[in-house]
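Descriptive structure summary
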Amino acid sequence: VQLQASGGGLVQGGGSLRLSCAASEGSFSDVTMGWFRQAPGKEREFVGAIRWGGGTTKYNDFAKGRFTISKEYAKNTVHLWMNSLKPEDTAVYYCAAGRRLISSTMSNANRYDNWGQGTQVTVSS
């Protein structure tokens, strides 16, 4: 699975952004699409993930209530909707794909085999 992330940019605190991750054609029934982020000087952290088949989602605590992941089947695309953005959300955001992940492993970056290029999100105060 090849992934292409897009949608990053500069936004004021409190604003919103939508990131997108387009996947190459293929079979996605057992694929989980995840979003991770990495801020300068910090480790990469899990943002959220969605199962392509069934739609089960999982979010990190900081994302709950502010971020939403959705699927767009027709375009093999997953979106990360980010609302009420804070300066601490500033990071490079990555999408990733992994196969046959169970719920407990959806937040584990090591379980994802394919990664898109990062897209920068900068939130000003």
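The coordinates are above.
On to the state of the cysteines, then. Taken as a whole, this structure holds one disulfide when the rule is applied. Across the disulfide from Cys 21 sits Cys 95; the S-S distance is 2.1 Å. Of note, the bridge from Cys 21 to Cys 95 carries an S-S torsion of about 65° and is right-handed in sense. Residue Cys 21 is located in strand S3 (residues 17-23), and its partner Cys 95 is located in strand S9 (residues 91-99); the two are separated by 74 residues in the primary sequence. Accessibility classification places Cys 21 together with Cys 95 in one group, the buried group.

Within strand S4 (residues 31-38), seven of the eight residues are buried, leaving the element largely enclosed by the surrounding structure. Examined bridge by bridge, S4 and S9 share eight bridges and lie antiparallel to one another. Each bridged residue has a counterpart across the sheet, and for Thr 32 the counterpart in S9 is Gly 98. Inspection of the sheet shows S4 paired to strand S5 (residues 45-51) by six bridges, in the antiparallel sense. Bridge pairing links Gly 34 to Ala 49 in S5. Where S4 folds back on S5, the antiparallel hairpin that results is connected by six residues, among which Gly 41 adopts a positive phi of roughly 75°.

Here we come to the pattern of salt bridges. For the structure shown, the criterion picks out seven salt bridges. For the salt bridge of Asp 30 with Arg 100, the shortest nitrogen-to-oxygen distance reads 3.0 Å. In this pair, Asp 30 is assigned in the loop between S3 and S4 and Arg 100 in the loop between S9 and strand S10 (114-115), connecting sequence segments 70 residues apart. Residue Arg 100 is classed as exposed on the basis of its relative accessible area, which comes to 60%. The closest approach of N and O atoms between Glu 72 and Lys 75, which form a salt bridge, is 3.8 Å.

Take the packing of aromatic side chains next. Summed over all chains, the structure comprises six aromatic pairs. Ring centres 6.2 Å apart and planes at 85° place the aromatic pair Phe 62 and Phe 67 in the edge-to-face group. Taking the relative accessible area as the measure of exposure, Phe 67 reaches 2% and is therefore buried. Through a chain of ring-to-ring contacts, the aromatic side chains of Phe 36, Phe 46, Tyr 112 and Trp 115 assemble into a single cluster. For Arg 18, the ring lying beneath its charged end belongs to Trp 81, and the centroid distance is 5.3 Å.

Rules behind the numbers
Residues numbered from 1 in each chain as written. Predicted model: local features only at pLDDT ≥ 70, side-chain atom pairs only at ≥ 80, totals over all residues. Heavy atoms only, no water. Disulfide = S-S within 2.5 Å. Helix = DSSP H or I, 4+ residues; strand = E, 2+ residues; numbered from the N terminus. Buried < 20%, exposed > 50% of the residue type's maximum accessible area, 1.4 Å probe, protein only. Pairing = 2+ DSSP bridges. Salt bridge = Lys/Arg side-chain N within 4 Å of Asp/Glu carboxyl O. Phe/Tyr/Trp six-rings, centres within 6.5 Å; stacked < 30°, edge-to-face > 60°. Lys NZ or Arg CZ within 6 Å of the ring centre and 35° of its normal.

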